[in-house]
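Examination of the molecular architecture
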Amino acid sequence: MRASEVLLLDYGAGNVRSAAKALERAGMTVRVSGDPADVPHAPALVVPGQGHFRQVMEAFDRRGFHGPVLDAAKGGTPILGICVGMQMLLTGSEEAPGTPGLNLIPGTVRRFTPVPGRKVPQMGWNSLDKVGDSPLLRGLACPAYAYFVHSYYVPLDVEVDAGAITEYSVPFWAAFSRDNIHATQFHPEKSGAVGLAILERFRRHVLEERED
């Protein structure tokens, strides 16, 4: 397998087609699979997610991905979570109390509290402000702007190595990196040149540098 190859997990609860096209435009070779037996052999994993947290996690678990993805993460395989795929990396979500996430990043996903002038869900463009040296944002001129569609967010009390912060009534992690785990709350495939640049940085600074 090539260093820039990723396994895009298809478990029935993610926008796989648009994610695959975006990853390919960023220079990666994409293999889409619904078979958890492919996970241990993958150079990197991309976890998309779209919909209600409970439904997404139940679909993920039902397809048998939970254990293999945990094993891959603990073994150092790079992982990129996108949208609800980011939230799945945490311990759980207020959207579905009692439904466990992957717990690769300890913490709870929170729901936005509606305030005047801030409708929930958030839908639209928001700025990214870098914190630390995340490989996803290395060399990216900020503030940059990305496209968000979500009602839940990863709060700043979740401990990560680096990332990007944005704000929608409250500040939250728009993207983060912690060891081999990386994620974006926004949709790179809908974020134009900025989204493409972030996926290219995942390829260059995570996948290709890992091979060097």
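Throughout what follows, the structure given in this document is the object of discussion. Note that the structure is predicted; figures quoted are calculated from it, not measured.

**Examining the packing of aromatic side chains**
A full pass over the atoms with the stated rule returns 9 aromatic pairs. On the numbers, 4.8 Å between centres and 25 degrees between planes, the contact of Phe112 with Tyr153 is stacked. Of the two residues, Phe112 sits in the loop between β6 (105-111) and β7 (122-131) while Tyr153 sits in strand β9 (residues 152-155), which places them 41 residues apart along the sequence. Note on Tyr153: relative accessible area 11%, which makes it buried. A centroid spacing of 5.4 Å and a plane angle of 70 degrees characterise the contact between Phe112 and Tyr168, whose relative ring orientation is edge-to-face. Of this pair, Phe112 sits in the loop between β6 and β7 while Tyr168 sits in strand β10 (residues 162-168), and the two are 56 residues apart along the sequence. Residue classification places Phe112 among the buried positions, given a relative accessible area of 2%. For Tyr168, a relative accessible area of 10% gives the class buried. Through successive ring pairs, a cluster of aromatic residues spans Phe112, Phe148, Tyr153, Tyr168, Phe172 and Phe186.

**Focus on the pairing of strand β11 (residues 170-178)**
In this sheet, β11 lies alongside β9 in antiparallel orientation, the contact comprising 2 bridges. Residue Val154 lies in a different strand from β11, and its bridge partner there is Trp173. Where β10 meets β11, 7 bridges bridge the pair, whose relative direction is antiparallel. Bridge pairing links Gly163 to Phe176 in β11. In this structure, the hairpin formed by β10 and β11 is closed by a connection of 1 residue, where Ser169 is found at a positive phi of approximately 70 degrees.

Parameters at a glance
- Residues numbered from 1 in each chain as written.
- Predicted model: local features only at pLDDT ≥ 70, side-chain atom pairs only at ≥ 80, totals over all residues.
- Heavy atoms only, no water.
- Phe/Tyr/Trp six-rings, centres within 6.5 Å; stacked < 30°, edge-to-face > 60°.
- Helix = DSSP H or I, 4+ residues; strand = E, 2+ residues; numbered from the N terminus.
- Buried < 20%, exposed > 50% of the residue type's maximum accessible area, 1.4 Å probe, protein only.
- Pairing = 2+ DSSP bridges.

The values reported here are purely geometric and, on their own, carry no functional implication.
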